[in-house]
Amino acid sequence: QVQLVESGGGLVQPGGSLTLSCAASRSIFSLNSMGWYRQAAGKERELVAIIYRGSDTNYVDSVKGRFTISIDNAKNTVYLRMNSLKPEDTATYYCHAILRATPFWGQGTQVTVSS
C-alpha cells in the first residue's frame, strides 16, 4: 500500500507560478514511477508529467518548458513546479504512483488560474 498526500494548490494569476507537493509513504526510488495527472471540469483526466525511478521524465506537450517534475528523496516527496501558468491549466491535480503494476492515487489539489 502507498499513501499519497498532495498539497500546494491554490489561486494564481495568469503568468504566475505554483509548486505542488506529493508526500509518499515510502521511498520514491522504490516506486516504478510517480506522476501528476489533472482533470478540468467536464474534461477527461490527463497525464501531465511522470518520473520513472526518480530519473527519466516525460511531459504532455501543453506544459513542456513550463512545468518541471522533481523529487526530494530524503522527504519521500515529488514536486511539480508550474511556471507561466495559463487559465487552461485550471484543474484538480492528482499525484499518482505505480508499485509493481498497481496504481495508487492521491486525493487531489485544486489549481485555479484566473485574473
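In case you missed it, the structure is sitting above this.
The structure contained in this document is the topic of the report that follows. (Residues numbered from 1 in each chain as written. Predicted model: local features only at pLDDT ≥ 70, side-chain atom pairs only at ≥ 80, totals over all residues. Heavy atoms only, no water.)

**Side note on the environment of His96**
Part 1: Structurally, His96 can be placed in strand β9 (residues 91-99).
Part 2: Once the C-alpha coordinates of His96 and Asn73 are considered, the two residues, 23 residues apart in sequence, prove to be 16 Å apart.
Part 3: Dropping the residues within four chain positions of it, His96 is found in contact with Leu4, Ser33, Met34, Gly35, Tyr37, Pro103, Phe104 and Trp105. (Helix = DSSP H or I, 4+ residues; strand = E, 2+ residues; numbered from the N terminus. Contact = heavy atoms within 4.5 Å.)

**Observations concerning the pairing of strand β10 (residues 102-105)**
Part 1: Here β9 pairs with β10 via four bridges, running antiparallel. Looking across to β10, one finds that Ile98 is bridged to Pro103.
Part 2: Hairpin remark: β9 followed by β10, antiparallel, with two residues in the connecting loop; positive phi at Arg100, about 50 degrees. (Pairing = 2+ DSSP bridges.)

**Quick word on the pattern of salt bridges**
Part 1: One pass over the structure, following the stated rule, counts four salt bridges.
Part 2: Here Arg38 and Asp89 are joined by a salt bridge, their closest N and O atoms 3.0 Å apart. Taken as a pair, Arg38 in strand β4 (residues 33-39) and Asp89 in the loop between β8 (77-82) and β9 lie far apart in primary sequence, 51 residues in all. Of the two residues examined, Arg38 and Asp89, each falls in the buried class.
Part 3: Shared partners join several salt bridges into a network, and the residues in it are Arg38, Glu46, Arg66 and Asp89. (Salt bridge = Lys/Arg side-chain N within 4 Å of Asp/Glu carboxyl O. Buried < 20%, exposed > 50% of the residue type's maximum accessible area, 1.4 Å probe, protein only.)

**Description of unusual backbone geometry**
Part 1: Although it is not a glycine, Asn76 sits at a positive phi angle of roughly 50 degrees.
Part 2: With respect to the helices, strands and loops of the structure, Asn76 is situated in the loop between β7 (67-72) and β8.
Part 3: At Ala101, a residue that is not glycine, the phi angle is positive and equals roughly 75 degrees.

**What to know about the environment of Pro14**
Part 1: Among the structural elements, Pro14 can be located in the loop between β2 (10-12) and β3 (18-24).
Part 2: Along the backbone, Pro14 and Trp105 are 91 residues apart, and their C-alpha atoms lie at a distance of 28 Å.
Part 3: Apart from residues no more than four positions distant in its own chain, Pro14 is found in contact with Leu85, Pro87, Val113, Ser114 and Ser115.

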